[in-house]
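Take a look at the letters that make up each chain.
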Amino acid sequence: MSVTVSESYQRHVPVRLDVERWATLRTRRRVLVVVHTVIAGQRLLDTIRLLEGDVRVQIVFTQAPDVFSNGVAEYLEQLGGLVLPWSQAVQTHFHLALAAAHGGLHELQTPVIVLPHGAGHNKIPAAGRNGTPAAQRGVYGLSRQRLVRDGTLVPEVVVLAHHEELARLGRECPEALPVAEVVGDPCFDRIAVSLPSRALYREALGIKAGQRMVLACSTWGPDSLLGQGWDLLERLATELPRDEFRIVALLHPHVWNAHGDWQVRAWLAGLARSGLTLISPHGDWAGAVVAADYIVGDHGSVSLYAAMTGVPVLMGGRLDADVDPGSPLAELMSFAPRLRGDRPLRPQLRRSAATCRSHRYERVAARISSEPGRFSHKMRALLYRKLRLRPLGARVATAPARLPLTIRYDEPGSVTVP
């Protein structure tokens with residue numbers, strides 16, 4: 001028998017008017033986690049884990065409308081969270097909402113904390129059909145058109161990773177400065193504590209003694225490494241000697257969600273049989289970054305996080321991708337060598353190692369977070385302050401990245417994920 005949205009909604013005990021009749025635990029606060037995309041959901045998980053063990057707080061999830069929403073329902077089902085339809089979430093009172101994107105937030109009847117879903121705020125959204133110049137489009141996450149609706153500031157709090165972003169926010173949307181809070185970056189902290197375990201991540205990826213690992217990481221869209229064509233990835237997988245190099249590919253979740261898991265695996269099946277290792281989008285990606293000897297990236301966040309490792313970062317994709325010129329990503333792209341597809345790859349990799357200047361990467365990495373190692377502490381304090389509850393328990397420590405999962409190609413035409 002089919003169930004209507006309203007009937008399904010009525011079965012969600014924590015948001016019923018007669019909740020006290022049905023609930024086993026009487027919670028004092030309700031938090032709505034607004035998941036636009038899988039990558040946003042993964043980012044928000046770093047935050048809601050800071051509320052683990054607190055029986056005073058009930059977490060409820062909802063899937064917000066987004067062009068990259070494919071895969072979100074499966075992600076939430078895997079989490080096992082209580083999911084409220086968007087149409088009901090916007091009509092229900094919560095004490096606080098958390099989001100890592102901006103679409104539809106003005107519809108909520110709840111104060112919202114908005115977090116970045118990548119390494120700070122670097123990108124300028126692509127021009128629409130009207131061809132608006134980049135200078136007029138604003139930086140995603142900092143621009144007035146994202147933060148203000150009908151003259152009213154939408155977020156209760158705008159979370160930033162670095163103090164220098166305050167100046168950029170002030171230029172883009174000065175009315176948001178009073179609600180901005182600098183708390184650091186969870187991925188920065190996770191990579192930092194994972195660096196001493198580099199050997200474990202290399203072992204998990206099957207890197208043999210004497211082999212050098214090349215991580216090809218692509219963001220999404222036509223300007224990305226992958227969006228500019230398969231040629232570079234194919235050459236990495238086929239031109240470099242397999243006894244000396246292991247090629248690993250890390251693709252942005254939007255690539256998988258836009259085209260479908262099966263299709264991406266099928267497209268890369270031939271390269272996998274040529275030795276390419278493909279990181280699963282359903283695991284932790286940070287360990288692959290820590291394990292690499294060379295990183296070939298583009299204007300995505302992973303390339304910026306790679307600056308923390310001290311290994312050479314080479315650029316693919318479009319050099320003129322829309323990136324805020326004042327961002328740390330733009331600084332990285334200004335000096336990272338370009339991997340040329342019309343020249344032999346091995347000499348280019350060797351040259352990048354010989355000319356690598358660690359102090360330049362350290363300067364870029366320092367611009368990712370001005371609160372290194374403090375995201376969990378500062379974000380947890382912010383949550384409890386906004387919930388008006390006294391924090392419980394001891395300070396939460398940042399755990400190292402989990403071992404990366406890879407796509408396994410058992411035989412031609414068959415792919416599985418461990």
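Residues numbered from 1 in each chain as written. Predicted model: local features only at pLDDT ≥ 70, side-chain atom pairs only at ≥ 80, totals over all residues. Heavy atoms only, no water.

A short note on unusual backbone geometry
Okay, step 1: Positive phi is not limited to glycine here, since Asp150 has a value of about 55°.
Okay, step 2: With respect to the helices, strands and loops of the structure, Asp150 is situated in the loop between strand S5 (148–149) and strand S6 (152–153).
Okay, step 3: In the Ramachandran plot, Arg388 falls in the positive-phi region, its phi being about 60° despite a non-glycine side chain.
Okay, step 4: Among the secondary structure elements, Arg388 is positioned in the loop between helix H20 (375–387) and strand S14 (408–411). (Helix = DSSP H or I, 4+ residues; strand = E, 2+ residues; numbered from the N terminus.)

Details of the nonpolar core
Burial of nonpolar side chains together is a common tendency in soluble globular proteins.
Okay, step 1: Counting residues in hydrophobic clusters, the biggest one holds 42 residues, and the most contacted among them are Met213, Leu215, Trp285, Tyr305 and Leu332.
Okay, step 2: Val35, Ala40, Leu76 and Leu98 belong to the second-largest nonpolar core, a separate cluster that totals 31 residues. (Core = buried A, V, L, I, M, F, W, Y, C linked by side-chain atoms within 4.5 Å. Buried < 20%, exposed > 50% of the residue type's maximum accessible area, 1.4 Å probe, protein only.)

A few points about the environment of Pro281
Okay, step 1: Positionally, Pro281 belongs in the loop between strand S11 (277–278) and helix H15 (286–291).
Okay, step 2: A relative accessible area of 12% means that Pro281 is categorised as buried.
Okay, step 3: Between the C-alpha atom of Pro281 and that of Leu405, which follows or precedes it by 124 residues, the distance is 8.2 Å.
Okay, step 4: Once residues within four sequence positions are removed from consideration, Pro281 is found in contact with Gln42, Trp256 and Asp261. (Contact = heavy atoms within 4.5 Å.)

Examining the pattern of salt bridges
Okay, step 1: For the structure on display, the rule yields 20 salt bridges.
Okay, step 2: Residue Arg202 is joined to Asp293 by a salt bridge in which the shortest nitrogen-to-oxygen separation is 2.9 Å. Within this pair, whereas Arg202 is found in helix H10 (residues 198–204), its partner Asp293 is found in the loop between H15 and strand S12 (294–297), the two being separated by 91 residues in sequence. The pair formed by Arg202 and Asp293 is uniform in burial state, with each residue classed as buried.
Okay, step 3: Note that Asp342 and Arg340 form a salt bridge whose closest N and O atoms lie 2.9 Å from each other.
Okay, step 4: Residue Asp342 is classed as exposed on the basis of its relative accessible area of 55%.
Okay, step 5: You can call Arg340 partly exposed: its relative accessible area is 32%.
Okay, step 6: Taken together, the salt bridges that share partners define one network made up of Glu164, Glu331, Arg363 and Arg367. (Salt bridge = Lys/Arg side-chain N within 4 Å of Asp/Glu carboxyl O.)

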